[in-house]
Amino acid sequence: NACGPQLKLLSEDISVKNQVAFSKGVHLIVPKIGPSDRVLTFFSKDGRLFFVLPMGNRSCIGTTDTRVASHECEVTQGDRQFILDNINSYLNDYKDLSLKDIISERCGVRTLIVEGDDEGEDWIKLTRKHKIELDHQRRSLSIVGGKITDCLNVGEEVGEAICEMLKKDYKEGVWYGEDLDKQEYLDLAKTHSLPQCFDGLSL
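Read on for a plain summary of the structure. Quick caveat, the model's predicted, so the values are computed rather than measured.

**Quick notes on the overall build of the protein**
Each helix and strand counted, the protein has 3 helices and 8 strands in total. The order of α-helices and β-strands along the protein, N terminus first, is β-β-β-β-β-α-β-β-β-α-α. Accessible area for the protein stands at about 12,800 Å²; split by element, carbon and sulfur atoms hold 51% of it.

**Considerations on the packing of aromatic side chains**
A complete count under the given rule lists 1 aromatic pair for this structure. Here Phe42 and Tyr90 contribute two aromatic rings whose centre-to-centre distance is 4.3 Å and whose plane-to-plane angle is 20°, an arrangement assigned as stacked. Highlighted residues: Phe42 in strand β2 (residues 40-43) and Tyr90 in the loop between α1 (77-88) and β6 (104-114), separated in sequence by 48 residues. Assessed through its relative accessible area of 33%, Tyr90 is described here as partly exposed.

**What to know about helix α2 (residues 151-165)**
The end-to-end C-alpha separation of α2 is 21 Å, in line with the 21 Å expected for 15 residues at 1.5 Å each. Here the buried face of α2 lies against β7 (130-135) and β8 (140-145). Positive phi shows up at Lys167, right after α2, with a value of about 55°.

**Things to note about empty space enclosed by the protein**
Over the atoms rolls a probe the size of a water molecule, and in doing so it shows where empty space is left. Overall, the coordinates contain 1 cavity of 30 Å³ or more when judged by the stated rule. Each pocket or cavity is described by its volume, and for the largest cavity that value is around 40 Å³. Around the largest cavity, the lining residues are Ile33, Ser36, Arg38, Leu40, Val52, Leu53, Pro54 and Ser59. Per-element tally for the lining of the largest cavity: the top contributor is strand β3 (residues 49-55), with 3 residues. Counted by class, the lining of the largest cavity contains 5 nonpolar, 2 polar and 1 charged residues.

**Brief notes about unusual backbone geometry**
One non-glycine residue, Arg139, adopts positive backbone phi at about 55°. Its location among the elements puts Arg139 in the loop between β7 and β8. The exposure class assigned to Arg139 is exposed, which follows from its relative accessible area of 57%. Look at Lys167: it is not a glycine, yet its phi comes out positive at around 55°.

**Quick look at the environment of Arg138**
Its location among the elements puts Arg138 in the loop between β7 and β8. Given the relative accessible area of 52%, Arg138 is considered exposed. Between the C-alpha atom of Arg138 and that of Ile14, which follows or precedes it by 124 residues, the distance is 8.0 Å.

About the criteria used
- Each chain has its residues counted from 1, following the order in which its sequence is written.
- Given that the model is predicted, a residue must reach a pLDDT of at least 70 before its local features are reported, and side-chain atom pairs must reach 80 or more before they are shown or counted; all residues, however, enter totals for whole chains, interfaces and linings.
- Computation of side-chain values: all heavy atoms of the structure, hydrogens and water removed.
- The helix count covers DSSP runs of H or I at least four residues long, the strand count covers runs of E at least two residues long, and both are numbered beginning at the N terminus.
- Every accessible area reported is derived by Shrake-Rupley at a probe size of 1.4 Å, with residue values counting cover from the shown protein chains alone.
- Two rings belonging to Phe, Tyr or Trp (six-membered ring only in the last case) form a pair when the distance between their centres is within 6.5 Å. Interplanar angles under 30 degrees mark stacking, angles over 60 mark edge-to-face geometry, and anything in between is tilted.
- Three labels apply to residues, based on accessible area from a 1.4 Å probe with only protein chains included: buried if under 20% of the type maximum, exposed if over 50%, partly exposed otherwise in between.
- Under the convention used throughout, the expected extent of a helix is 1.5 Å for every residue step, that is, one less than its residue count.
- By definition, residues are in contact when any of their heavy atoms lie within 4.5 Å.
- Think of a 1 Å grid over just the protein atoms. A cavity is a set of points where a 1.4 Å probe fits yet cannot get out, a pocket is an open set with protein on both sides within 12 Å along at least five of seven lines, and lining residues have an atom within 4 Å of a point.
- Grid points are joined across faces, edges and corners, and a volume is the space filled by probe spheres set on the points.
- In this classification, the charged set is Asp, Glu, Lys and Arg, the nonpolar set is Ala, Val, Leu, Ile, Met, Phe, Trp, Tyr, Cys and Pro, and all remaining amino acids, among them Gly, are polar.

The structure is reproduced here in structure tokens:
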């Protein structure tokens, strides 16, 4: 069960113990910002990481982090203005972006884990970590929470948990995505000595 914001739709068949809350994230697609093809990171006004992602002759900018009651949501004027205000505060050498520069927009919902009772905690403090719940009787597995940037770790944990449930040995798979050996890549990331293709990314 990796249904994200809709994971509890399967709760009649697969119980999920952890409580979840929803965070809406919005990204805007605008004309390419500057000549660089590197990923750029900043801190937004609310203290979260804020990205400029290269997309050919476009840039993807964002994101927002807004608490919502449902996974069904849409981009609001406030979302657009928050993203534009943040990126414009960093564009010293380029023209300010306005609503007319928005080519397209994306809206999604993150599933965040709430520890204990949900009392409307400070959004920024809610965990972005994931938890894996196993139901050995039904031979089912649910992934609660998590981030796409942690997908490799989530995938390994899922593989290990399934093998444990099936009483099989877990075999680590092939490392995709970089020319480096996996451990070598992770060691470089820890020391911030990343390959050239990542040298625009602030960790």
